[in-house]
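# Summary of structural features
Here's the letter readout for the chains.
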Amino acid sequence: MDEPTTFRLNDSFTEGQIPLHENWQIEVDDQFQHGTSLILDGGLNPDSQRFFMITAVLALLSIGYLISRVSSHFASKQARQGQQQNGDAFEEVEKGRGVIAQNGGISPFLWKVARVLGCGSLAGLSVPPFLKALTNEGTPFTQSTAEFLLLSNAWSLVLSFLSISTPMVYGYRDVWPLATFTKQPLDAAEGWVLWAKIGALFLTALLVPICIPSVYRPVDPKHPAEKPHPEQTASVLSFNTYSYLSPTITLGNKLPHLTPDDMLPIADYDRAENLAKASLSTVDPAKLRKGRHIGLSLLRLFAFDYFVGVIAMTVHTVGQFAAPVAINRLLVLLESGQTEKTVVRPWFWILWLFFVPILGSMGFQYYVTTMNHVVVRTESILTQLVFNYSLRVRVVSEGSEKDKDKKKDTSSFIGKLNNLVTSDLSSITQANHFVLLFWYLPLQLICSSVFLYLILGWSAFVGLGLMVALLPVPGYMTNMLQGVQAEKMKKTDVRTQTLTESIGVLRTIKLFGWEKKIQEKVDKRREEELELVWRWKLLLLLILLASHLIPTFTMVVTYAVAALVMKIELTASVIFSSMIVFGNLRDELGRANMILGSIVRGRVSLDRFNTFFKETDLLDSDELTETSSALVQSPLAADDGLYLRNASFTWSPEANGESTPSSSFNLTVPGELRFMEGKINLIVGPTGSGKTSLLMALLGEMHFTPSEPDSSFNLPRAGGVAFAVQESWVQNETIRENILFHSPYDEERYKKVLYQCGLEPDLELFEAGDATEVGERGLTLSGGQKARVTLARAIYSDAQTILLDDVLAALDVHTAKWVVNKCLKGDLVKGRTVLLVTHNIALARPITDYIVTVSSTGVVTGHGQDLSEAIQAEPALQAEYEKDELAIAEDDSLIDDPAGKEKRASGKLIVAEEVQQGNISWKALKILFKGLGGHHVVLFFMLWIGGHALENFMASFNLWFLGYWSSQYETHHRQDVAVVKYLGIYVGLTFIFLAINVSKDIWFTLGGQRASKTIHKLLTETILGATLRWLDETPMSRVITRLTQDIQSLDSTLVIYLDGVVSLAFVVSISLISAVLFVPIFALPGVLIAGFGIFIGSRYLKAQLSVKRELSNAKSPMLSHFSAAIAGLVSIRAYGAQDIFKIESRRRIDHYARISRLNYDLNRWIGIRIDSLGAIFTASLAAYLTYASTASAANVGFSLNRAVEFTVTILYMVRVFNVFQVEANSMERIAAYLEIEQESKPTESGKPPASWPTSGDIRVENLTARYSKAGPAVLHELSFNIRAGERIGVVGRTGSGKSTLTLALLRGIITEGTVYFDGLATNKINLDALRSNITIIPQSPELLSGTLRYNLDPFDEYDDATLNAALKSSGLYASQGDSEEGRLNLDATIASGGTNVSAGQRQIIALARAIVRSTKLLILDEATSAIDHETDEIIQNTLRRELGSDVTVLTIAHRLQTIMDADRIMVLDTGNIVEFASPKELLAKEKGFFKALVDESGDKDRFYEVAEKKGNSSTA
């Protein structure tokens, strides 16, 4: 150019008076006339020839390439198949389709056509300058750029896409000069052709590529998704703006509630099955067990995702510095005419303020999306890993302990699993943002240092050095936080275990009247947990305070050194741009410490996962595959038979030290024991001898210890194994699904199984028949029904070997005889190998082909078919055999046609979990607010909200003061500015701000602690006070979720987000007011921007709430299936059904992952839109302040700074408010549980006299009972009297109302009429008082984990002498043999649910607990059905001898002999009393119901004798 562009300022412009932008006069001399065009003398010089030759060659290549592409499209099918490589199934399908289909459909195809046309037009527009370049010459640099353009345009036509370098070159040559004061476009001489080329380039190289939809490529080409996730077919623009989610948002605003069917499908790369395949080699359980840490395995697995996260956060960092750079450059222009300091026009920085933050936002959103995908996949992988691993765990040994300290420090196995897949998994997924800590934060520090150095000189390094020096302070506190977190998790484990166990035995707790004492125990555990939560929150506050103080202190020191030492003028451009950087540093350090805290929690949880994988006791077969050298050799099967040879088994390989009965138990098989295959093998022995353990040993559940070189055992599995467990295991499905157990349905076989197992009469009494849901743990079925369903499952299977563990124990003699005669003698069992554990020796003898005995010391011996030999070997069996014979003789139709509790037409029992719709209800908020405020709600919120308002006012005032300080340099010389004075004032204002902040935070934290304590107590009280009916309809996993996951949300995230909502609302409001304070006209656009942001946020929220609520409900089925599988672990392994359960688990995980992904992605949809709105507001405000306002530079800087704060914060406000609404779903669920149906609460008037009851007198008048208000009556106007001390026998078929009567007496169901207990109407007495004075022994006793002493006396109310006497009276010691009294003592450990003691021992312990309570009314509800006859007789004699003369006993039993000596017998039929008199009177009644039962009995004479004797003694 002949002359550089010049700038002439208005002559009247003086420093500090008139802003530059009002008087700019710019002269640009010969802008286009003397542009740097390609002007050559003419002729083809060598360079031009080279250009021409290169272009010609590229053109020929282009033609050849295009011809080959077109030919490939229209080649024959055979030719295409011949060209196919690697046998890719998906490519095979694709190549058989048309051109349009191969390109992803009509839309992508049209975009690609537009791209080709754009390339063609761009190439055509390049011809004129190309021809001109052949005849002109220019500078070497311009020749090089022209050459590059020619090459790029030509090759673009070949490949149908443009290199990113092409628009960069055009941008440098022709667009960038327009943004400067000193340059002009280099190709301006081309005129309109230049801008046409740039337009075509924009269309072809940018717009079309980012708008072309992607073509779906399945992860597994052989199994493509029926409907791919829109993310997989989204264009670059749609993907990065999340527009593919907009239809879901729209649908969410149209429908009242989004259901899972309305949501996006799961992407095939997120499917559990594909993830399992992809992660198996990295996250291998064998490697984890050998020592590899699970955390390192996950890092390796997701290494590429974290690398992508690094790139995305680098882009975000660039966006972070858009505002400070632009504001600095704009303010430099506005400060006293400092145009010499910048050559870039203001409009460029305004556009920079708009586009670069959006680009940075895209980078951040992309990073978060990537990390969220990692979260979903991590949840899926770890849940599968824990589930699959649990299927190989020896859970029965959970009652044992390897050392005393370990027992004290750990919860039960089930409790650990629940915590691993809920709390710990949540902590791990929250810790995935370590890229922010280890890459983004250092990068931010480096960029900040460079920026601050450029404007503040080396004083910036003084401040930053101080920041680095102080960083160990929050690091030290974070280490302390880690210790507190670990301790808190232990206390959470203890509380979770207490709650899990209490919920599991809630029926027992309620029937014993223990609610208040259990509540006190739970409250104590909660107090211990909350003490650590308080310490954790205080440490977190200190860390956040340090994170705020360090950057603030750094900033003050930096300004002090700059002003006092370096004598730098702290002008508006310096202050406000550096303030944004310091603010970013403060925020990032605060966020880094929060991330560090989450990483600490995640590390603790990862260690817990690691411990689980490394230390959990596996089955021997799995242990062997996990380790390279097994300590115990595997049992080498010499043949395929069913046998044990010189084998010894224990529950734990380290059964030493403080051992339990289960851990020290040793099952021994001397010599060889070979079962008869294809026959029925009987296994007998005293109660607790180890009969069940023998089956467990064969199944591989026990630890095998070889005693001889030839030691081995074998259970043939080739023909399949079926197992009917003693504690009947049923799934929460229909009766049919439980019987089929994933086997194909064969109608003929199925009906035959129902008949032979005696289930047909049961199904007739259910309106839904075999479609009736059995409920969680089979709550709709009686014990006998569950046992027969479990048996039916084994019989229906086609397994060659059937193991039956005391299936007759839960059946009355009549039903047992039916099962033996119809089922075990039937054609479905014939030819199959059956191992039958039973106490009913006489009943099973006729079908027995081989007898095996297990002695009380655990020695297993085979006796062939010789019963006398077996009885001689084990004398205790003789009496049991004689009792059996009597029981068989007495039967002949005493009791039980099977029946259900209620008829249900639909078969549904479990109530579907309610999903809240719309915004959080005021009811839920009210509970939260009341919990926060306690007794002074108004005062609490006044101080809290006032603190927020004052805090944010001080923040803006501090910033304004800095602007005021900076403005002094515009009116005063540098030496005249009182730096020390202003610095002192600013420091003082800062400390006032911090004092308000800390006080407000501590005040709110105290409120949060109060809410956590109050609401947890309310929730537990409500659940403990729920009706038995509600317990039947509600899965325990759902209840536990409320008490763990939802309470955890209340303890941490919910209150944090509530505080965040209020804080950010004030930040947005005060920032907006501050931003428009000096330009009031801009208040309207600001409000409009905020309003539009709120509108977008409300649309997002409507969809997000539905998704979050469905997400909460999607977790429960996954956990429920998990718990059910663990409960039936032995059965699942016996049937070999692990793969089936894995598939079901994956299905539920996929359902959860599908909703979880959408939940995360919706946050990104709102994020990019709010960021874009903020960028619009900031850029437009900057444009107005620069070109139309007369405000000073300091005020402009203040306004822009507050505008940036507003734009950044409005996103967080909308996001945090929405997240709060979503998190408040936990509060909604808690609030819903606070309104569940309740039993009557204790009142002062309901307290009985202190001496009540003095006797066991019972009087019933017109008692009618039903299970629900709308349900049919089960008992019909019963009236009877029972005198104190009477022993009453209650008989009747199942469904006649026996168990219902006991619940009615305890007010456990809905009743009408009146029951008088010792003269007081029970409906006038408090329930806890009534039930604590009545003892019931249910059919399936529930035991707690802990010592035997704890089970007998959970609240330490009795001494050891009393407890030992009760154990002796109950027959426990007698059942173990005189020499074995020490096997079960008061200090023996009982596993959760009593899994490490036999069913008979559980019954005995329950009886002992009843004796300890010493109440005036004792109800035995089928309490002796699982005990051998000798123990039963001991118990009956004890009840007669130990109970006081005024204690009334109601006995519901299967055996006539149990009740023949009762004072009176009540016979029930269909809810009516048909007979009620003494046995003697009933036997004298012609055609009486009871008389007919006795007369049909084989031991009729003995029963008459007993009745006569009892009648005579009563008369006497």
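What this report covers is the structure whose coordinates are included nearby. Counting starts from 1 at the beginning of each chain's written sequence and moves along it residue by residue. With pLDDT at 70 or above as the cut-off, local features in this predicted model cover only qualifying residues; side-chain atom pairs require 80 or more to be listed or tallied, and sums for whole chains, interfaces and linings still use all residues. Just so you know, side-chain values use all the structure's heavy atoms and leave hydrogens and water out.

### With respect to the overall build of the protein chain
By definition, any uninterrupted DSSP run of H or I lasting at least four residues is a helix, any uninterrupted run of E lasting at least two residues is a strand, and each is numbered from the N terminus. Within the protein chain one finds 57 helices and 24 strands. Taking as baseline every contact in the protein chain between residues at least 6 positions apart, the subset at least 24 positions apart corresponds to 81%. Method for areas: the Shrake-Rupley scheme with a 1.4 Å probe, in which residue coverage is limited to the protein chains shown. Carbon and sulfur atoms provide 59% of the accessible area of the protein chain, an area that totals close to 60400 Å². Note on definitions: a residue-residue contact is assigned when non-hydrogen atoms from the two residues lie within 4.5 Å.

### Examining the environment of Leu541
Secondary-structure assignment places Leu541 in helix α25 (residues 515–565). Relative accessible area serves as the criterion here: at 19%, Leu541 is assigned to the buried category. Separated by 464 residues in the primary sequence, Leu541 and Thr1005 have C-alpha atoms spaced 9.1 Å apart. Discounting chain neighbours no more than four positions away, the residues touching Leu541 are Asp1001, Ile1002 and Thr1005. Between buried and exposed lies partly exposed: a residue is buried under 20% and exposed over 50% of the maximum accessible area for its type, with that area taken using a 1.4 Å probe on protein chains only.

### Things to note about the sheet that holds strand β16 (residues 1310–1317)
The antiparallel open sheet is built from 4 strands, whose spatial order is β14-β13-β16-β17. Looking at which strands have only one partner, the edges of the open sheet turn out to be β14 (1273–1282) and β17 (1320–1321). Between any two strands, pairing holds if DSSP finds at least two bridges. Taken together, the 2 bridges between β16 and β17 define a ladder with antiparallel strand orientation. From the neighbouring strand, Tyr1316 faces β17, where its bridge partner is Ala1321. Together, β13 (1258–1266), β14 and β16 form the strand contacts of helix α47 (residues 1298–1305), whose direction differs from that of β14 by roughly 70°. Geometry is summarised by axes, namely lines fitted to C-alpha atoms with helices restricted to the contacting stretch, and by angles between N-to-C directions that run from 0 to 180 degrees.

### Notes on the state of the cysteines
Cysteine sulfur atoms are paired as a disulfide whenever they come within 2.5 Å of each other. Here the structure, examined in full by the defined rule, presents 0 disulfides. Of all cysteine sulfurs, the one in Cys757 lies closest to Cys823, which takes part in no disulfide; the gap is 4.2 Å.

### A look at the nonpolar core
Residues enter a nonpolar core if they are buried and are Ala, Val, Leu, Ile, Met, Phe, Trp, Tyr or Cys, with the set joined through side-chain atoms within 4.5 Å. In this structure, Ile294, Leu570, Phe675, Ile739 and Leu804 are the most contacted members of the largest nonpolar core, which totals 325 residues. Counting residues per element, this core draws most heavily on helix α46 (residues 1193–1233), which supplies 20 residues. Core analysis: the next-biggest nonpolar cluster, separate from the first, contains 17 residues, Ala1366, Ile1405, Ile1411 and Val1412 among them.

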